[in-house]
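# Survey of secondary and tertiary structure
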Amino acid sequence: MTAVEQSLPAKDQPKTIYLKDYQVPGYLIKTTDLRFEIYDGETIVSAMLHLYRNPTAQTPATQLILQGADLELISIALDGKQLSTSDYEFGEESLTIFDTPAEFKLLTITRIKPEANTSLEGLYRSRTMYCTQCEAEGFRKITYYLDRPDVMSEFTTTVVADKKYPVLLSNGNLIDQGDAENNPQNNRHYATWHDPFKKPAYLFALVAGDLAHIEDSFTTCSGRDVTLKIFVEPKDLDKCDHAMESLKNSMRWDEEVYGREYDLNIFMIVAVDDFNMGAMENKGLNIFNTSCVLAKPETTTDAGFQRVEGVVAHEYFHNWSGNRVTCRDWFQLSLKEGFTVYRDSEFSADMGSRTVKRVEDVTLLRTLQFAEDAGPMAHPIRPESYIEISNFYTMTVYEKGAEIIRMLATLLGKDDFRKGTDLYFERHDGQAVTTEDFVAALADASGRDLTQFKNWYAQAGTPRLQVTDSYDEDAQEYSLTIKQSCPPTPECQQKLPFHIPVALGLLGSAGDLPLYLKDAEPDFETGDNTHTVLELTAAEQTFVFQRVQEKPVPSLLRGFSAPVKLQYNYSRDDLIVLMSRDSDGFNRWEASQQLGLQAIYHAMSAYARGESLAGLQLDADLLSAYSSVLQDDSLDQAMVAYMLSLPSEAYLSELADVVDVEAIHHSRMAVRKALARALRDHFVRIYNAYDHQQVYAATADAIASRSLKNVALGYLMLLGEDDLIRACEQQYRESNNMTDVMAALSQLVNADAPLAQQLAETSLADFYQRWQHESLVVNQWLSVQATCLLPNTLDKVKGLQNHAAYDGKNPNKIRALIAGFCGGNAINFHANAGAGYQFLADQIILLNTQNPQIASRLLTPLTKWKKYSPERQALMKKELERIIAEPNLSKDVFEVVSKSLV
Ligand code: TRP
Ligand code: ZN
């Protein structure tokens with residue numbers, strides 16, 4: 001028996017869904033007419049479905065199986081005739097109707113309880129409003145339906161509610177509204193919405209509440225006026241402007257870069273405080289987590305502003321990549337998510353700094369996605385099977401998925417990639433399609449053979465590239481040999497080679513060398529002969545460059561042209577050359593990270609030998625390289641900030657075979673302190689050059705200067721000097737924006753000096769006093785405490801769970817406090833003989849019934865148990881076993897825990 005089978009009696013085993021079992025639906029739905037009668041405590045849903053047999057089904061269907069969950073069926077009629085209980089049968093999450101004709105109308109009336117719905121899927125209540133979340137399979141919690149993305153229907157929705165909910169919204173255009181009928185008290189009203197675009201149920205949305213809104217408009221490229229509205233609770237009306245600007249920029253960008261025009265006369269966004277994810281692209285009615293839409297300088301950090309811009313763009317871009325062309329089944333999720341992440345990432349690059357955005361994306365990918373791809377939940381961007389699809393909204397499907405699209409764009413070049421996406425949208429508009437269809441459109445439009453490239457869709461794991469080189473001075477030839485391999489992952493042991501674009505240049509003493517690749521045409525498209533993209537397709541390949549007059553330093557994988565782990569034996573001097581003068585900004589940063597890694601590994605060896613790291617010295621060449629970065633005016637200040645930031649503990653852990661939590665933490669800290677001591681004067685200069693009175697702007701330049709200044713502050717705070725600590729506290733008190741306030745607060749909280757701790761305590765109290773009525777700010781207050789690296793944080797976290805500021809039902813609060821501690825505070829999470837593990841398991845058990853999606857996401861740190869010491873492995877495993885022994889495990893939690901225990 002496998003661990004999965006052992007964990008539950010066979011009859012209770014949740015069933016695995018396989019891609020290979022896909023079958024077209026037996027019935028399709030022409031029109032869907034919905035009526036929601038919202039009352040306190042219950043909502044009555046009437047659904048009139050016009051069904052017809054799918055002409056492409058192999059055998060004509062003779063029964064109809066609808067999905068439904070947590071519904072109370074009140075009545076059911078087929079073509080106007082009430083069905084009797086022998087005409088249908090309930091399954092666990094289904095309703096089967098026997099002997100169904102070729103075409104018919106089915107009317108069901110069901111009762112649901114939004115107020116009691118804590119899963120935040122389906123129709124639920126968040127604070128003062130009703131709202132929905134239907135992706136992936138939440139619509140079945142609203143009414144009986146063919147809840148699958150390849151069933152696309154035209155929706156008309158009437159919402160009837162008390163007038164204390166003045167705003168009644170659904171997808172599409174408002175076609176009717178007025179007072180409710182049969183309502184002598186005249187306290188109820190209704191609104192009817194019609195969406196002319198056929199869509200799958202997962203894109204359905206409904207909102208009812210007492211909401212305020214801001215309004216703007218956008219004129220599309222063909223001259224149509226679109227009304228734009230952002231709905232929020234009245235208290236948040238002053239935090240909508242940034243989202244509105246981002247929306248207009250996104251609409252313009254999608255026209256200019258992809259030729260995509262918006263298609264309805266109205267586009268709405270609603271902000272909701274209780275939301276499992278970031279936001280949802282429902283047709284014409286996006287629903288957002290408040291954390292991804294609200295922003296103003298006093299309450300929101302720069303990272304928050306950028307997140308709003310990125311998520312608004314992401315959801316807007318889904319209108320084409322996701323809604324107009326949607327997924328055939330949920331295995332195709334990356335079709336819309338990978339592509340849309342790629343699109344929003346390019347948008348953000350165009351709005352701000354391209355190199356900075358690339359560094360941020362790659363950092364995320366290499367810490368979280370690489371770790372996922374090396375763990376028990378590893379899966380290809382198009383998985384082959386799942387138990388619960390919600391578990392596959394992952395870093396892999398989203399972020400690695402975006403990298404796959406980026407590689408296609410690199411391989412095809414700008415013009416052919418655009419031809420490919422044009423063909424894709426034109427060919428598949430109004431359809432539910434597969435990743436195969438996407439790649440076929442790109443192949444057809446460009447004439448390129450992408451057969452081997454498709455291995456990226458089917459194989460999990462992070463490929464490794466081993467690069468060796470040699471220089472023949474007499475022949476003036478330089479050759480690079482690249483070997484690729486990919487470690488085994490749960491779905492596949494032996495991998496076929498990938499088709500990998502390797503962007504590169506060769507650095508000579510006076511700059512980039514011209515490239516003359518043997519047996520290849522020069523790249524006339526860009527006119528730049530110092531940069532090229534090699535295409536690696538075999539397990540091992542050698543590329544020879546001619547007329548190379550000196551031994552170069554190779555600048556490999558420029559811009560991180562593929563999601564792989566690159567191994568090349570760079571000397572420290574090579575890295576210093578790359579960091580100081582590579583023409584590729586990304587690789588300058590990458591060299592800085594490699595140098596940082598070398599310094600940390602050096603310290604880790606000393607730590608392993610039991611040496612004190614207290615007075616650790618870094619060598620002079622390294623320090624002078626860092627100080628020239630600090631004085632390089634050609635560099636974007638944000639890049640300086642990132643180049644001076646050492647690789648994170650999370651990244652160091654990902655790189656390690658066995659994670660030594662303490663060694664990583666203390667060694668990295670020692671290198672940071674050594675840098676602080678050596679570069680103190682530079683950091684002071686940067687800190688003092690910053691004008692703390694300047695008016696806040698969320699522009700790339702302003703964000704960059706804040707981030708560099710706050711990196712400097714971070715180093716200075718390691719010195720433990722009283723006047724620097726006071727300067728930090730002054731920044732906390734006097735800053736006019738949340739970025740600087742939070743940066744200072746977090747430094748105070750983390751500084752291991754009595755004065756800092758005393759000021760941290762008063763500042764935390766002051767902060768809460770001041771911001772207790774701003775939920776999103778309170779979340780930052782929770783998370784700064786949860787991520788405090790000093791001892792005793794777990795006790796503080798437990799204490800905070802009982803604080804008025806906390807709400808154990810709100811996902812944002814759970815993420816700030818619980819996920820903040822367990823996922824963002826390794827040194828404390830892994831301390832005290834498993835106390836952190838036990839704490840996390842307790843939270844998961846509690847959340848399992850309340851909100852399975854959140855419970856399952858929280859599990860991530862425990863799933864990595866095999867990467868730790870034997871003692872820690874045992875303690876972590878024990879908690880996973882305790883969870884799996886729980887009765888009534890949700891599919892979400894069951895799948896992750898059982899796969900982690902294999
Ligand atoms: N489609 C959404 C996005 O990426 C993701 C999403 C929002 C989601 N809410 C969800 C996925 C709830 C699963 C469950 O834009
Ligand atoms: Zn998305």
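Just so we're clear, the structure is a prediction, and the values are computed from it rather than from any experiment.

Ordered in space as β10-β11-β16-β13, the four strands form an open sheet in which the pairing is antiparallel. Since the sheet does not close on itself, it has two edges, and those belong to β10 (122-126) and β13 (167-170), each with one partner. Going across the sheet, the axis of each strand differs from the next one's by a mean of 15°, ignoring polarity. Alignment of β10 against strand β11 (residues 129-133), held across five bridges, turns out to be antiparallel. When the sheet's bridge partners are listed, S126 is paired in β11 with M129.

Note on helix geometry: an α-helix contains 3.6 residues per turn, so any two residues three or four positions apart are oriented the same way. Within the sequence span of helix α10 (residues 572-581), burial applies to D574, L575, I576, L578 and M579. In this fold, the buried residues of α10 make contact with β27 (500-508), β32 (553-556), α11 (585-608), α12 (620-631) and α13 (637-644).

This next bit is on the coordination of the zinc ion (ligand 2). Under ideal tetrahedral coordination, the four donors around a metal are separated by 109.5 degrees; under ideal octahedral coordination, the six donors are separated by 90 or 180 degrees. Protein-derived coordination of the zinc ion (ligand 2) comes from H314 (NE2), H318 (NE2), E337 (OE) and E337 (OE), at a distance range of 1.9 to 2.7 Å. Every donor counted, the six donor atoms about the zinc ion (ligand 2) form angles of 47 to 159° at the centre, which fits irregular coordination. Counting residues between consecutive donors of the zinc ion (ligand 2) along the chain gives the motif H-x3-H-x18-E. Of the two residues, H314 sits in helix α3 (residues 302-317) while E337 sits in helix α4 (residues 333-351), which places them 23 residues apart along the sequence. For the pair H314 and E337, one class covers both residues: buried.

With respect to the helices and strands, Q785 occurs in helix α21 (residues 775-786). One polar contact links the side chain of Q785 to the main-chain carbonyl oxygen of W781, over a distance of 3.1 Å. Filtering out sequence-adjacent residues up to four positions away, Q785 remains in contact with L764, T793 and L800.

Right, let's talk about the packing of aromatic side chains for a bit. One pass over the full model with this rule turns up 40 aromatic pairs. An angle of 45° between the planes, with centres 6.4 Å apart, marks the rings of F90 and Y144 as tilted. Separated by 54 residues along the polypeptide, F90 in strand β7 (residues 88-90) and Y144 in the loop between β11 and β12 (153-162) bring together distant segments of the chain. Relative to F347, the ring of F317 lies with its centre 5.7 Å away and its plane at 85°, an arrangement referred to as edge-to-face. You can see F317 sitting in helix α3 and its partner F347 sitting in helix α4, a full 30 residues away along the chain. Taking relative accessible area as the criterion, F317 reaches 0% and is therefore assigned buried. Chaining the aromatic ring pairs together yields one cluster made of W253, Y258, Y262, F267, Y316, F317, W320, F339, F347, Y424, F425 and F438. Lying over the aromatic face of Y52, K30 brings its terminal NZ or CZ to 5.3 Å of the ring centre.

The next point concerns the sheet that holds strand β8 (residues 94-97). The three strands are arranged β4-β8-β7 in an open sheet whose pairing can be described as antiparallel. Here the strands that pair on one side only, and so sit at the sheet edges, are β4 (64-67) and β7. In this sheet, adjacent strand axes meet at a mean angle of 20° when their direction is disregarded.

Before going further, it helps to spend a moment on the domain arrangement of the protein. By domain assignment, the protein separates into domain 1 (23-210), domain 2 (328-458), domain 3 (469-497 + 499-568) and domain 4 (772-902). Between domain 2 and domain 3, the C-alpha centre-to-centre distance is 23 Å. The interface is formed by 21 residues belonging to domain 2 together with 19 residues belonging to domain 3. Buried surface at the junction of domain 2 and domain 3, summed over both partners, amounts to about 1700 Å²; 63% is from carbon and sulfur atoms. Looking only at domain 2, the three residues that lose the most surface to domain 3 are F370, Q452 and W456, adding up to 28% of its buried area. Our count for the contact surface shared by domain 2 and domain 3 stands at one salt bridge. Of the charged contacts in the structure, one is a salt bridge between R448 and E535, with a shortest N-O distance of 2.8 Å. Broken down by element, the residue count for the side of domain 2 that touches domain 3 peaks at six residues, all from helix α5 (residues 354-373). Tallied by class, residues from the side of domain 2 that touches domain 3 come to eleven nonpolar, four polar and six charged.

Within the element layout of this structure, N289 appears in strand β21 (residues 285-289). Here the side chain of N289 touches M277 through a polar contact of 3.2 Å, landing on its backbone oxygen. Sequence-distant contacts of N289, that is, excluding residues within four places in its chain, are made with V272, F275, M277, G278, A279, N812 and R815.

The local shell around ligand 1 holds 14 residues, among which E135, A279, E281, E315 and Y398 are the closest. E135 is positioned with one of its side-chain polar atoms (N or O) 2.5 Å from a nitrogen atom of ligand 1. Contact distances for ligand 1 include 2.7 Å between a nitrogen atom and a side-chain N or O atom of E281. Contact with the protein chains hides 97% of the accessible area of ligand 1, taken as 370 Å² for the molecule alone.

Let's shift gears to the nonpolar core. Formed by 291 residues in total, the largest nonpolar core has its most connected members in F417, F438, F545 and F767. Those residues within four positions of F545 in sequence are excluded, and the remaining contacts are Q476, E477, Y478, L480, L504, L506, L515, Y516, L517, T532 and L534.

This part is about α4. Taking 1.5 Å per residue, 19 residues should reach 27 Å; α4 reaches 27 Å between its end C-alpha atoms and fits that length. Counting buried positions over the 19 residues of α4 gives 17, a clear majority of the element.

Attention now moves to the pattern of salt bridges. The tally for this structure, following the rule as stated, stands at 64 salt bridges. Here K336 and E135 are joined by a salt bridge, their closest N and O atoms 2.7 Å apart. In this pair, K336 sits in helix α4 while E135 sits in the loop between β11 and β12, placing the two residues 201 residues apart along the sequence. Between R680 and E721 there is a salt bridge; the shortest N-O distance is 2.7 Å. Separated by 41 residues along the polypeptide, R680 in helix α16 (residues 680-689) and E721 in the loop between α17 (700-716) and α18 (722-734) bring together distant segments of the chain. Taking relative accessible area as the criterion, R680 reaches 27% and is therefore assigned partly exposed. In this structure, a network of salt bridges that share partners links the residues K235, D236, D238, K239, K296 and E774.

So, about the packing of helix α22 (residues 793-801) against helix α23 (residues 811-824). Between α22 and α23, the least distance of the axes is 10 Å, while the angle of their chain directions is 165°. One element, α22, and the other, α23, form an angle in the roughly antiparallel class. With respect to the hand of their crossing, α22 and α23 are arranged in left-handed fashion. Together, T793, L794, V797, L800 and Q801 of α22 and L817, I818 and F821 of α23 make up the contact between the two elements. Looking at side-chain class alone, the contact of α22 with α23 contains six nonpolar, two polar and no charged residues.

The rules behind each value
Residues numbered from 1 in each chain as written. Chains lettered and ligands numbered in written order. Predicted model: local features only at pLDDT ≥ 70, side-chain atom pairs only at ≥ 80, totals over all residues. Heavy atoms only, no water. Pairing = 2+ DSSP bridges. Helix = DSSP H or I, 4+ residues; strand = E, 2+ residues; numbered from the N terminus. Axes fitted to C-alpha atoms, helices over the stretch in contact; angles between N-to-C directions. Buried < 20%, exposed > 50% of the residue type's maximum accessible area, 1.4 Å probe, protein only. Contact = heavy atoms within 4.5 Å. Donors = N, O, S within 2.8 Å, 3.2 Å for Na, K, Ca; no water. Tetrahedral: all angles 85-135°; square planar, octahedral: opposite > 155°, others 65-115°. Polar contact = N/O pair within 3.5 Å; in protein donor to acceptor, adjacent residues only side chain to side chain. Phe/Tyr/Trp six-rings, centres within 6.5 Å; stacked < 30°, edge-to-face > 60°. Lys NZ or Arg CZ within 6 Å of the ring centre and 35° of its normal. Domains from an automatic or database assignment. Buried area = accessible area lost by both parts, 1.4 Å probe. Salt bridge = Lys/Arg side-chain N within 4 Å of Asp/Glu carboxyl O. Nonpolar A, V, L, I, M, F, W, Y, C, P; charged D, E, K, R; others polar. Near = heavy atom within 4 Å. Areas by Shrake-Rupley, 256 points an atom, 1.4 Å probe, with all protein chains shown as cover. Core = buried A, V, L, I, M, F, W, Y, C linked by side-chain atoms within 4.5 Å. Expected span 1.5 Å × (residues − 1). Parallel < 35°, antiparallel > 145°, perpendicular 65-115°, else oblique. Left-handed = near helix turned anticlockwise from the far one by under 90°.

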